Number of protein chains: 4
Amino acid sequence: MSDLTEIRDAARAFIAEREWEEFQDPKSVLLALVGEVGELAELLQWLPADKARALAREEPLHTQLSEEMADVLVYLVGLADQCGVDLGKSALAKIEKSAAKHPADQVRGVAPQR
Amino acid sequence: MSDLTEIRDAARAFIAEREWEEFQDPKSVLLALVGEVGELAELLQWLPADKARALAREEPLHTQLSEEMADVLVYLVGLADQCGVDLGKSALAKIEKSAAKHPADQVRGVAPQR
Amino acid sequence: MSDLTEIRDAARAFIAEREWEEFQDPKSVLLALVGEVGELAELLQWLPADKARALAREEPLHTQLSEEMADVLVYLVGLADQCGVDLGKSALAKIEKSAAKHPADQVRGVAPQR
Amino acid sequence: MSDLTEIRDAARAFIAEREWEEFQDPKSVLLALVGEVGELAELLQWLPADKARALAREEPLHTQLSEEMADVLVYLVGLADQCGVDLGKSALAKIEKSAAKHPADQVRGVAPQR
């Protein structure tokens, strides 16, 4: 089974068992996601940019990052569920769309632009 | 194949084709994720809280939400990849951990607390 | 003295006393700001939207909100300082610009649009 | 007059003229603030960390940063207003509190910790 579907179903069960459906309106779930993105930011903010990748793979930071990234994903899956969005399909489509918009031979080696 | 793995591999290919690996340090990728969370917020911020779920399923908002949620997911997958984090496994583990921390019979129907 | 200037000077002194200047690059300060916005989100996320204003004025939430909003402002002042931005002047100019862009007689009573 | 008070009053007038008071509940205003923080992130995300301070002072980026920082401040002032928070006083108090918590002789030159 798709892991995004598995996460979605586990989150649905978690919410249903606690009768927390009424609190899952999109704006509240998005604020919860923002809270977890904030926790991620707090873990990385003071690391030297050029050492962050290496430091992120050391403990205890690695486990802390896993947990906060997990929190962000769970709320994103919940938000998509509330809004009827197919996350996995949209993500793959978005990468294809970006690939067409930024042809490799035009941007190779140059910093991404918006 | 797991959809999170599929997205991760598609994102890796996209970055490699453009020789954009050097720009993918965790702090930069996290800021890119923050940018997309901001775009999500802009779509929902002025909707009445009690109508947001319904409005999110109408066009053109539904497609716009799909695209921004996709962007958030792609950067989250990229950040996990940079930090050596198994996103899918961590998310399922996190839901189990939260379930143990908030027993259903204690919290049923009461607003989630932090 | 302008309070934004007072905050800016107090923050500069705080950083200088600790020889923390080298860590104040804009991307790091912005991530610190994101961390504090996340703490704000965590305080409000599960409150009923129509009761939030009243609940925000009760203790202990009111003091917690003051502290997190203060944190966001201190990092915003620091970020402006790093980038040579005059925050107070820019904010007043922005309100004027928005007023011209959204004439009152056209938008009165209708939800703000982006 | 304090510039934070001036911004607060200008924002109140802007909202009142448009009869937008009902949309200013704290959760919505916070999401609007998140949207603007996202716009800030988009401006800085791909800049090399060690060149960001210098690049931020060049045009057109400098003006873009001023405008987005202004937006963040205006929404923060609005959020404080909705929650009855004295932003200026809280910010100065917070810097003092942090100074006591992180004595200079203990942390001099070492990266800030949380």
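In case you missed it, the structure is sitting above this.
A quick note: this is a predicted structure, and the numbers were derived from the prediction, not measured.

Participant: For the overall build of chain A, give the residues involved together with the corresponding values.
Facilitator: Each helix and strand counted, chain A has six helices and zero strands in total. Across chain A, helices and strands are ordered from the amino to the carboxyl terminus as α-α-α-α-α-α. Against the globule reference of 13 Å for 114 residues, chain A gives a C-alpha radius of gyration of 17 Å, more extended than a compact globule. Along the longest, intermediate and shortest principal axes, the C-alpha atoms of chain A span 50 × 35 × 30 Å. For chain A, the residues scored as buried account for 55% of the 114 residues in total. Excluding contacts between residues fewer than 6 apart, the proportion of contacts in chain A whose partners are at least 24 apart in sequence is 65%. Accessible surface, chain A as shown: approximately 5000 Å² in total, 51% of it carbon and sulfur. Between the averaged position of the 13 positive side-chain charges in chain A and that of its 21 negative side-chain charges there is a distance of 12 Å.

Participant: Outline the relation of the copies chain A and chain B, supporting the account with residue identities and numerical values.
Facilitator: When chain A is fitted onto chain B, the two copies agree to an RMSD of 0.0 Å after a turn of 180° and an axial shift of 0.0 Å. Such values leave the two copies arranged in the relation of a two-fold axis. Using C-alpha coordinates, one finds that chain A approaches the rotation axis most closely at Ser 2 of chain A, a distance of 2.6 Å. Take the interface residues of chain A: 100% of them recur as interface residues in chain B, which is what a same-surface contact looks like.

Participant: Let's hear about the packing of helix 1 (residues 3–17) of chain C against helix 5 (residues 87–101) of chain D: which residues, and what values?
Facilitator: Two numbers describe how helix 1 of chain C lies on helix 5 of chain D: the axes approach to 10 Å, and their chain directions differ by 10°. For the element pair helix 1 of chain C / helix 5 of chain D, the angle class is roughly parallel. Along the contact surface, helix 1 of chain C presents Glu 6, Ile 7, Ala 10, Ala 11 and Phe 14 of chain C, while helix 5 of chain D presents Gly 88, Ala 91, Leu 92, Ile 95, Ser 98 and Ala 99 of chain D. Split by residue class, the contact of helix 1 of chain C with helix 5 of chain D holds eight nonpolar, two polar and one charged.

Participant: Could you give an account of the packing of helix 5 (residues 87–101) of chain A against helix 4 (residues 61–83) of chain B, with specific residues and numbers?
Facilitator: Running from N to C, helix 5 of chain A and helix 4 of chain B point in directions that differ by 85°, and their axes come no closer than 8 Å. Our classification of the angle between helix 5 of chain A and helix 4 of chain B gives roughly perpendicular. Contacts between helix 5 of chain A and helix 4 of chain B pair Leu 87, Ser 90, Ala 91, Lys 94, Ile 95 and Lys 97 of chain A from the former with Ser 66, Glu 67, Met 69, Ala 70, Asp 71, Leu 73 and Val 74 of chain B from the latter. Partitioning the contact of helix 5 of chain A with helix 4 of chain B into residue classes produces seven nonpolar, two polar and four charged.

Participant: Explain the interface of chain A and chain B to me, using residue names and the numbers behind them.
Facilitator: With 73 residues of chain A in contact, the opposing surface of chain B contributes 73 residues. The junction of chain A with chain B conceals about 6300 Å² of combined surface from both sides, 67% of it contributed by carbon and sulfur atoms. The largest contributions to the chain A side of the interface with chain B come from Lys 27, Arg 53 and Met 69 of chain A, which together make up 10% of the buried area. The interface formed by chain A and chain B holds six salt bridges in total. Here Lys 94 of chain A and Asp 71 of chain B are joined by a salt bridge, their closest N and O atoms 2.7 Å apart. In this assembly, chain A and chain B are joined by 37 residue pairs in polar contact (both at pLDDT 80 or more). Mapped onto the side of chain A that touches chain B, the elements with two or more residues apiece are helix 1 (3–17), helix 2 (26–44), helix 3 (52–55), helix 4 (61–82), helix 5 and helix 6 (104–107) of chain A. Ranked by residue count, the leading element in the side of chain A that touches chain B is helix 4 of chain A, at 15 residues. Here the side of chain A that touches chain B is composed, by residue class, of 41 nonpolar, twelve polar and 20 charged.

Rules used throughout
- Note that residues are indexed from 1 along each chain, following the sequence as it is written.
- Here the convention is simple: chains get letters from A, ligands get numbers from 1, in the order in which they are written.
- For this predicted model, a pLDDT threshold of at least 70 governs which residues receive local features, and a threshold of 80 or more governs which side-chain atom pairs are given and counted, while totals over whole chains, interfaces and linings are taken from all residues.
- Side-chain measures here rest on the full set of heavy atoms in the structure, leaving out hydrogens and waters.
- Helix and strand assignments follow DSSP, with helices taken as H or I runs no shorter than four residues and strands as E runs no shorter than two, numbered in order from the N terminus.
- We compute the radius of gyration over the C-alpha atoms and compare it with the globule rule, which gives 2.2 Å times the number of residues raised to the power 0.38.
- Each residue's exposure class comes from its accessible area (1.4 Å probe, protein chains only) as a fraction of the maximum for that residue type: buried when under 20%, exposed when over 50%, partly exposed otherwise.
- Residues are treated as being in contact if the distance between any of their heavy atoms lies within 4.5 Å.
- Each accessible area value is a Shrake-Rupley result obtained with a 1.4 Å probe; residue values ignore everything except the protein chains displayed when judging cover.
- Neither His nor the chain termini are counted; the positive set is Lys and Arg, and the negative set is Asp and Glu.
- A single reference atom marks each charge: NZ on Lys, CZ on Arg, CG on Asp, CD on Glu.
- A least-squares superposition brings the copies together, and it is based on the C-alpha atoms of residues with pLDDT no lower than 70 in both.
- For helices, the axis comes from a line fit to the C-alpha atoms of the stretch in contact; other axes are also lines fit to C-alpha atoms, and the angle between any two N-to-C directions lies between 0 and 180 degrees.
- For this classification, under 35 degrees means roughly parallel, over 145 means roughly antiparallel, 65 to 115 means roughly perpendicular, and everything else is oblique.
- Amino acids are sorted into nonpolar (Ala, Val, Leu, Ile, Met, Phe, Trp, Tyr, Cys and Pro), charged (Asp, Glu, Lys and Arg) and polar (every other residue, Gly among them).
- The term buried area denotes the loss of accessible surface (1.4 Å probe radius) that occurs when two parts are joined, taken as the sum for both partners.
- In what follows, salt bridge is the name for a side-chain nitrogen of Lys or Arg lying within 4 Å of a carboxyl oxygen of Asp or Glu.
- N or O atoms closer than or at 3.5 Å make up a polar contact, with two conditions inside protein: a donor-capable atom paired with an acceptor-capable one, and, for residues adjacent in sequence, both atoms drawn from side chains.

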